[in-house]
Number of protein chains: 2
Amino acid sequence: MDPRTVHSQQNSKSSHLALDIGGSLIKLVYFSRSDECLIDDNEGNSSNESLVVSKKCPVLQGTLHFAKFETSKINDCLEFIMRNKLHLGGCQHGGSPDNYTVKATGGGAYKYADLIKEKLGVCLDKEDEMDCLVAGANFLLKAVHEEAFTYTNGRKEFVQIDQDDLYPYLLVNIGSGVSMIKVDGDGKFERVSGTNVGGGTFWGLGRLLTKCESFDELLELSHQGNNRVIDMLVGDIYGGLEYNKIGLSSTAIASSFGKAISDNKELADYKPEDVARSLLRMISNNVGQISYLNALRFGLKRIFFGGFFIRGHAYTMDTISVGVDFWSKGEAKALFLRHEGFLGALGAFASYENQPGSDDPIVRQLVQQSPISASHTGYKIHGSRNGECNDNESIECSVYVS
Amino acid sequence: MDPRTVHSQQNSKSSHLALDIGGSLIKLVYFSRSDECLIDDNEGNSSNESLVVSKKCPVLQGTLHFAKFETSKINDCLEFIMRNKLHLGGCQHGGSPDNYTVKATGGGAYKYADLIKEKLGVCLDKEDEMDCLVAGANFLLKAVHEEAFTYTNGRKEFVQIDQDDLYPYLLVNIGSGVSMIKVDGDGKFERVSGTNVGGGTFWGLGRLLTKCESFDELLELSHQGNNRVIDMLVGDIYGGLEYNKIGLSSTAIASSFGKAISDNKELADYKPEDVARSLLRMISNNVGQISYLNALRFGLKRIFFGGFFIRGHAYTMDTISVGVDFWSKGEAKALFLRHEGFLGALGAFASYENQPGSDDPIVRQLVQQSPISASHTGYKIHGSRNGECNDNESIECSVYVS
């Protein structure tokens, strides 16, 4: 299908597609409008004010949608975009339909630019990955109610962020790899560290060890496992005793996968769920520790964890929380984000506001329409045919356009 | 064989056996005397002075020997000890041969105390693991010439340690698990951190992934591998490009094992050597990073790495060195120890000097006999029948006894 034929069919209410193409996953954010009105463009608009009609500035009301695909199945993603005509609601330079651009970030924005031009007929307007992560996190933390939460002993507790007391914080984005960013304000940040042991390691190693076909299957499997079967605990070394002097309990993990040394078992002799559990715990704990050590360097008390590795998975969050609490002796706090996986894509979406010389409406500000209704709209995206496109919580919001 | 029958055969020149029984390996240190003479007990004895005969204090001249066994094959280790009568040259409380004690550290000193009492007829005198690691490291750094070295770009360079400028330093012992200890002086230290991703993880996971039968086989295998086959590099995500803005080259590892996500290969489709290489690099790099972050916390410029994970393996040391250099921007230095694996056992050995009320000679001080000859005596220990007991560099030295 010639993508140009699609251009003429533009009748979608969806607009402003933004992509974050990572090493493992492609994340999509786009806006679908439910209504259009004009409101006052004063500063400090509350969510109620967004309903006020004014002639000063048009506002689009609608919903932010989220979707994801495996990067290795990029063709499914492109088909999903075409079918829903998402690529035609972005910005258009000049009059020709050839000049549609879509905001994109992540390494894949470079790697797949030609493929996307060929298949969709649009150019990618590349935004820096770190810029987008920070912009996305700041947006969520400022504009979306019940976005950040702590997770301790199986309890999720939403944290209301005081916007005057948001900065500085450490943002830890656990994608295929892990980036750790000290955020001091809007657009003010420094990538201070990272680790190559992240979601890609969990999925890659986990796939080799368990033959799981997807990340979610592996996570689900880990939920049923017992890491003590394969991890070497302090008690395994100390004959069931604690190592009191340095505060290590007998059940603390001394060495991840250490029991496999002496068990005289092969991989096939272990249950895949136990292997998956050990792996998840090893990686979560390691990320938690390195994050805390970096927070400590800069005296940051709050660490926000994002990225698709977490996926709201209780055990992952619990391990990270316990790790941060243990290493910081309760000084630092792990916080999680409800839209954890879409920081980069949201940042790319928000960057439409910086688009110079566009003929299309420009997003100037995102304001969540209703704080109360934001959490569970239950909107489902019926995406690719292979079921790889999972649902995600959408956000009802208003988009200010100039 | 009743161990009591062994006691009566005591004619060995070996003495002061000390054990470090870890989760994966048992490390042995013992002294064999070549001569006996009396020397002056003045402070500040140089190695030459140790040859001076005096009536004040007897000195045993001889060699410190090192050996290791897998903890899972503890019976081979005990047989080696019995055959060489190493357990009979320790300390004896009272007149009965039943009262022989052997200094021991590590969790296995608790776990295997009963077994050792049963098989060898000796009691273990348990010394704290961290105390021993620090005592062993301090001994090596102060008394043994050409002990510490840097490793950069395949070049080993010995570092002469100024004893007045030794403290504080960070000691990182990579055994099954990893301990990170801030050392401020003799017996003055704090375990500040650690990680459960260490030698036990390399061996345990490596065994499951490659079916290697021993740690050394796995290390050897990793030497022949190429981690780029299975690691996701920055260039893999960015279409061959660098991510310049944050200083990540295209060949930097973005995600260890991350390529396994999308390769559509099973474990059997990868070469075991490539898998081993990726694993080694992942763990070495991670330990290097966490070590650096801890050194940074306390402003420590020197990090000494010990523990059997390293085993003088070039690629391991290179990765750790590069990691410390990269993260510290050249501020901190990774140093390695020639007798890396025997810190705990040496510390337990040195603790004989603290033995109260012993009838046996007490080691009061270890002085290396000849700085120049210390490095390569080539002494071989012909140990267990299964070849698990590898050679290690012995140290010629003098042992002062009271």
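It should be emphasised that the depicted structure is a prediction, and the values quoted were computed from it without experimental measurement.

Parameters at a glance
Residues numbered from 1 in each chain as written. Chains lettered and ligands numbered in written order. Predicted model: local features only at pLDDT ≥ 70, side-chain atom pairs only at ≥ 80, totals over all residues. Heavy atoms only, no water. Phe/Tyr/Trp six-rings, centres within 6.5 Å; stacked < 30°, edge-to-face > 60°. Helix = DSSP H or I, 4+ residues; strand = E, 2+ residues; numbered from the N terminus. Buried < 20%, exposed > 50% of the residue type's maximum accessible area, 1.4 Å probe, protein only. Lys NZ or Arg CZ within 6 Å of the ring centre and 35° of its normal. Core = buried A, V, L, I, M, F, W, Y, C linked by side-chain atoms within 4.5 Å. Contact = heavy atoms within 4.5 Å. Salt bridge = Lys/Arg side-chain N within 4 Å of Asp/Glu carboxyl O. Domains from an automatic or database assignment. Buried area = accessible area lost by both parts, 1.4 Å probe. Polar contact = N/O pair within 3.5 Å; in protein donor to acceptor, adjacent residues only side chain to side chain. Nonpolar A, V, L, I, M, F, W, Y, C, P; charged D, E, K, R; others polar. Pairing = 2+ DSSP bridges. Axes fitted to C-alpha atoms, helices over the stretch in contact; angles between N-to-C directions. Least-squares fit on C-alpha atoms with pLDDT ≥ 70 in both. Parallel < 35°, antiparallel > 145°, perpendicular 65-115°, else oblique. Patch = residues over 30% accessible without salt bridge, like charges linked within 9 Å, V, L, I, M, F, W, Y side chains within 5 Å. Areas by Shrake-Rupley, 256 points an atom, 1.4 Å probe, with all protein chains shown as cover. Lys, Arg positive; Asp, Glu negative; His and termini not counted. Charge placed at Lys NZ, Arg CZ, Asp CG, Glu CD.

**Digging into the packing of aromatic side chains**
All names here are of chain A.
- Taken as a whole, this structure holds 32 aromatic pairs over all chains when the rule is applied.
- Taking the centre distance of 5.0 Å and the plane angle of 85° together, the rings of Tyr169 and Phe304 count as edge-to-face. Separated by 135 residues along the polypeptide, Tyr169 in strand β9 (residues 169-174) and Phe304 in strand β14 (residues 302-306) bring together distant segments of the chain. With respect to burial, Tyr169 and Phe304 carry one shared label: buried.
- Seen from the ring of Tyr315, Arg277 lies directly overhead, with NZ or CZ sitting 3.4 Å from the centre.

**Focus: the nonpolar core**
- Leu171(A), Phe304(A), Phe305(A), Leu171(B), Phe304(B) and Phe305(B) are the most contacted members of the largest nonpolar core, which has 179 residues in total.
- Apart from residues lying up to four places away in sequence, Phe304(B) is in contact with Leu141(B), Ala148(B), Ile161(B), Leu166(B), Tyr169(B), Leu170(B), Leu171(B), Val172(B), Leu335(B) and Leu337(B).
- Counting 27 residues, the second largest nonpolar core, distinct from the first, contains Leu19(A), Cys77(A), Ala104(A) and Tyr112(A).

**With respect to the pattern of salt bridges**
All names here are of chain A.
- Applying the stated criterion across every chain yields a total of 19 salt bridges over all chains.
- When the shortest N-O distance is used, the salt bridge between Arg311 and Asp216 registers 2.5 Å. Of this pair, Arg311 sits in the loop between β14 and α10 (314-328) while Asp216 is found in helix α7 (residues 215-223), placing the two residues 95 residues apart along the sequence.
- In this structure Arg311 comes out as buried when scored by relative accessible area, which is 16%.
- Look at the salt bridges and you will find they share partners, linking Lys103, Asp125 and Glu127 into a network.

**Some remarks on the domain arrangement of chain A**
All names here are of chain A.
- Its domain assignment divides chain A into domain 1 (17-35 + 56-127 + 343-373 + 387-400) and domain 2 (148-214 + 273-337).
- Contacts between the two partners involve 8 residues from domain 1, matched on the other side by 9 residues from domain 2.
- Summing both partners gives a buried area of about 680 Å² for domain 1 against domain 2, and 68% of it is carried by carbon and sulfur.
- Counting every contact that joins domain 1 to domain 2 gives 0 salt bridges.
- Inspection of the domain 1/domain 2 interface yields 1 residue pair in polar contact (both at pLDDT 80 or more).
- Counting only elements with at least two residues in the side of domain 1 that touches domain 2, the list comes to β2 (25-39) and β3 (57-70).
- Looking at the side of domain 1 that touches domain 2 residue by residue, the classes come out as 2 nonpolar, 3 polar and 3 charged.

**Things to note about unusual backbone geometry**
- For the bond from Tyr167(A) to Pro168(A), the omega torsion is -10°, close enough to zero to count as cis.
- The phi dihedral of Glu146(B) is positive, around 50°, even though this residue is not glycine.
- Its place among the elements puts Glu146(B) in the loop between α5 (129-143) and β7 (148-152).

**A short note on the sheet that holds strand β9 (residues 169-174) of chain B**
Residues and elements named next belong to chain B.
- Reading across the sheet, the 7 strands line up as β8-β7-β15-β14-β9-β10-β11 and stay open at both edges, with mixed pairing between neighbours. Two strands in the sheet have a free side with no partner beyond their single neighbour: β8 (155-158) and β11 (188-195). Direction aside, neighbouring strands of the sheet carry axes that sit 30° apart on average.
- Bridging between β9 and strand β10 (residues 178-185) involves 6 bridges; their strand directions are antiparallel. In the strand pairing of β10, Asn173 is matched with Ser179.

**What to know about the relation of the copies chain A and chain B**
- Placing chain A over chain B gives an RMSD of 0.0 Å and needs a rotation angle of 180°, together with 0.0 Å of translation along the axis. Both copies of the chain, as the preceding transformation shows, are related through a two-fold rotation axis.
- When the interface residues of chain A are mapped onto chain B, 99% of them again fall at the interface, so both copies present the same face.

**Notes on the sheet that holds strand β7 (residues 148-152) of chain A**
Residues and elements named next belong to chain A.
- The 7 strands lie next to each other as β8-β7-β15-β14-β9-β10-β11, forming an open sheet whose pairing is mixed. With partners counted over all chains shown, the strands left at the sheet margins are β8 (155-158) and β11 (188-195), one partner each. Neighbouring strand axes in the sheet, compared pairwise and without regard to direction, differ in orientation by 30° on average.
- Summarising the sheet, β7 and β8 pair through 4 bridges and their orientation is antiparallel. Note that in β8 the partner of Tyr151 across the bridge is Lys156.
- Against the sheet, α10 engages β7, β9, β14 and β15 (333-337), with an angle of about 155° to β15.

**Side note on the packing of helix α6 (residues 199-210) of chain A against α7(A)**
Residues and elements named next belong to chain A.
- In contact at an axis separation of 10 Å, α6 and α7 are set at 75° when each is read in the N-to-C sense. Considering their axes alone, α6 and α7 lie roughly perpendicular with respect to each other. Contact residues: Gly199, Phe202, Trp203, Gly206 and Thr210 in α6; Phe215, Leu218, Leu219 and Leu221 in α7.
- Considered class by class, the residues forming the contact of α6 with α7 number 6 nonpolar, 3 polar and no charged.

**Structural notes on the interface of chain A and chain B**
- Across the contact, 67 residues belong to chain A and 66 residues belong to chain B.
- Buried surface at the junction of chain A and chain B, summed over both partners, amounts to about 5300 Å²; 61% is from carbon and sulfur atoms.
- Where chain A meets chain B, there are 0 salt bridges.
- Our count for the chain A to chain B interface comes out at 29 residue pairs in polar contact (both at pLDDT 80 or more).
- No other element matches the 10 residues that helix α9 (residues 272-297) of chain A contributes to the side of chain A that touches chain B.
- Considered class by class, the residues forming the side of chain A that touches chain B number 29 nonpolar, 26 polar and 12 charged.

**Comments concerning the packing of α7(A) against α9(A)**
All names here are of chain A.
- Contact pair α7 / α9: the axes reach a minimum separation of 7 Å and the direction vectors enclose 100°. Relative to α9, α7 is oriented roughly perpendicular. Side by side, α7 and α9 meet where Leu218, Leu219, Leu221, Ser222 and His223 of the first sit next to Pro272, Glu273, Ala276, Arg277 and Leu280 of the second.

**Considering a negative patch on the surface**
- Negative charge collects at one region of the surface, where Glu213(A), Glu217(A), Glu266(B) and Asp269(B) lie side by side.
- Topologically, Glu213(A) is positioned in the loop between α6 and α7.
- Taking relative accessible area as the criterion, Glu213(A) reaches 55% and is therefore assigned exposed.

**Points about the environment of Ser15(A)**
All names here are of chain A.
- With respect to the helices and strands, Ser15 occurs in strand β1 (residues 14-21).
- Relative accessible area serves as the criterion here: at 7%, Ser15 is assigned to the buried category.
- The spatial distance from the C-alpha of Ser15 to the C-alpha of Ala143 is 20 Å, given a sequence separation of 128 residues.

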